[in-house]
Amino acid sequence: MSGRDFEADDFPHGTLEGYARGCRGTHCEATGMTCSETQRRYQGDWQFRRALDAERAAAAKARRNRTITPADEQTITEMAHAGKNNADIAKVLGFTPGAIGSRRRALGLPSIPRGRPRKTKEAP
Ligand SMILES: [Zn+2]
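The shown structure was predicted, so the numbers you read here are calculated from the model rather than taken from an experiment.

### Some thoughts on the overall build of the protein
- Of the regular secondary structure elements, the protein holds six helices and zero strands.
- Against the globule reference of 14 Å for 124 residues, the protein gives a C-alpha radius of gyration of 20 Å, more extended than a compact globule.
- Taken along its principal axes, the extent of the C-alpha atoms in the protein is 65 × 30 × 30 Å.
- Each of the 124 residues in the protein was classed as buried or not, and the buried ones make up 25%.
- Partitioning the contacts of the protein with sequence separation of at least 6, the portion at a separation of at least 24 is 30%.
- Of the roughly 9,000 Å² of accessible surface on the protein, 51% is carried by carbon and sulfur atoms.
- Side chains of the protein give 22 positive and 15 negative charges; the mean places of these two sets differ by 12 Å.

### Section: the coordination of the zinc ion
- Protein-derived ligands of the zinc ion are His 13 (ND1), Cys 23 (SG), Cys 28 (SG) and Cys 35 (SG), with the metal-ligand distances lying across 2.0 to 2.3 Å.
- Every donor counted, the four donor atoms about the zinc ion form angles of 102 to 123° at the centre, which fits tetrahedral coordination.
- For the zinc ion, the donor residues sit on a single chain with the sequence spacing H-x9-C-x4-C-x6-C. You can see His 13 sitting in the segment before α1 (16-20) and its partner Cys 23 sitting in the loop between α1 and α2 (35-44), a full 10 residues away along the chain.

### Some thoughts on the packing of aromatic side chains
- Applying the stated criterion across every chain, the model contains zero aromatic pairs.
- The cationic tip of Arg 24 hangs over the ring face of Tyr 19; the distance from NZ or CZ to the ring centre is 3.9 Å.

### A few points about the packing of helix α5 (residues 86-93) against helix α6 (residues 97-106)
- At a minimum axis distance of 8 Å, the contact between α5 and α6 shows a crossing angle of 110°. As far as their axial angle goes, α6 and α5 are roughly perpendicular. Handedness of the α5/α6 crossing: right-handed. On the side of α5, the interface is formed by Asn 86, Ala 87, Ile 89, Ala 90 and Leu 93, while α6 contributes Pro 97, Ile 100, Gly 101 and Arg 104.

### Some thoughts on the environment of Glu 37
- Tracing the backbone through its elements, the reader meets Glu 37 in helix α2.
- Looking at Glu 37, the relative accessible area reads 35%, which means it is partly exposed.
- A C-alpha to C-alpha distance of 9.7 Å links Glu 37 and Gly 25, two positions 12 residues apart in sequence.
- Within the structure, the side chain of Glu 37 is placed 3.0 Å from the backbone nitrogen of Thr 34, a separation counted as a polar contact.

### Here's the deal with the pattern of salt bridges
- In total, this model carries four salt bridges according to the counting rule given.
- For Glu 17, the salt bridge is made with Arg 56, and the minimal N-O distance between the two is 2.8 Å. Of the two residues, Glu 17 is situated in helix α1 and Arg 56 in helix α3 (residues 46-65); the sequence distance between them amounts to 39 residues.
- Exposure remark for Glu 17: the relative accessible area of 34% places this residue in the partly exposed category.
- Judged by relative accessible area, which is 36%, Arg 56 ranks as partly exposed.

The rules behind the values
Residues numbered from 1 in each chain as written. Predicted model: local features only at pLDDT ≥ 70, side-chain atom pairs only at ≥ 80, totals over all residues. Heavy atoms only, no water. Helix = DSSP H or I, 4+ residues; strand = E, 2+ residues; numbered from the N terminus. Rg over C-alpha atoms; globule rule 2.2 N^0.38 Å. Buried < 20%, exposed > 50% of the residue type's maximum accessible area, 1.4 Å probe, protein only. Contact = heavy atoms within 4.5 Å. Areas by Shrake-Rupley, 256 points an atom, 1.4 Å probe, with all protein chains shown as cover. Lys, Arg positive; Asp, Glu negative; His and termini not counted. Charge placed at Lys NZ, Arg CZ, Asp CG, Glu CD. Donors = N, O, S within 2.8 Å, 3.2 Å for Na, K, Ca; no water. Tetrahedral: all angles 85-135°; square planar, octahedral: opposite > 155°, others 65-115°. Phe/Tyr/Trp six-rings, centres within 6.5 Å; stacked < 30°, edge-to-face > 60°. Lys NZ or Arg CZ within 6 Å of the ring centre and 35° of its normal. Axes fitted to C-alpha atoms, helices over the stretch in contact; angles between N-to-C directions. Parallel < 35°, antiparallel > 145°, perpendicular 65-115°, else oblique. Left-handed = near helix turned anticlockwise from the far one by under 90°. Polar contact = N/O pair within 3.5 Å; in protein donor to acceptor, adjacent residues only side chain to side chain. Salt bridge = Lys/Arg side-chain N within 4 Å of Asp/Glu carboxyl O.

Structure below.
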């Protein structure tokens, strides 16, 4: 990773994600705690860790529970035509595979089964 990535406006400075993505030093642009301070406190302060984990879990739940927009439907259609299964699409868009599957059926897109093909009378 180059230093340029840290200067991007959407880089998550002051978070564990920022630290995990490589922000370690003095160039951190966080206004409060720097990425490495956040990481150090997360490792050593149980209450801080618990609060941060709760915050991150709530954010992840909000991302999963958002509604599927027309732009998301476009992505689902494109990925379905590219042969991706519900789990792959769900990972990219941040929804559950079940939510992708039901929208996929509503859009009339063919489903792609996971795993090995089932045995049939035609192809035992
Ligand atoms: Zn940083």
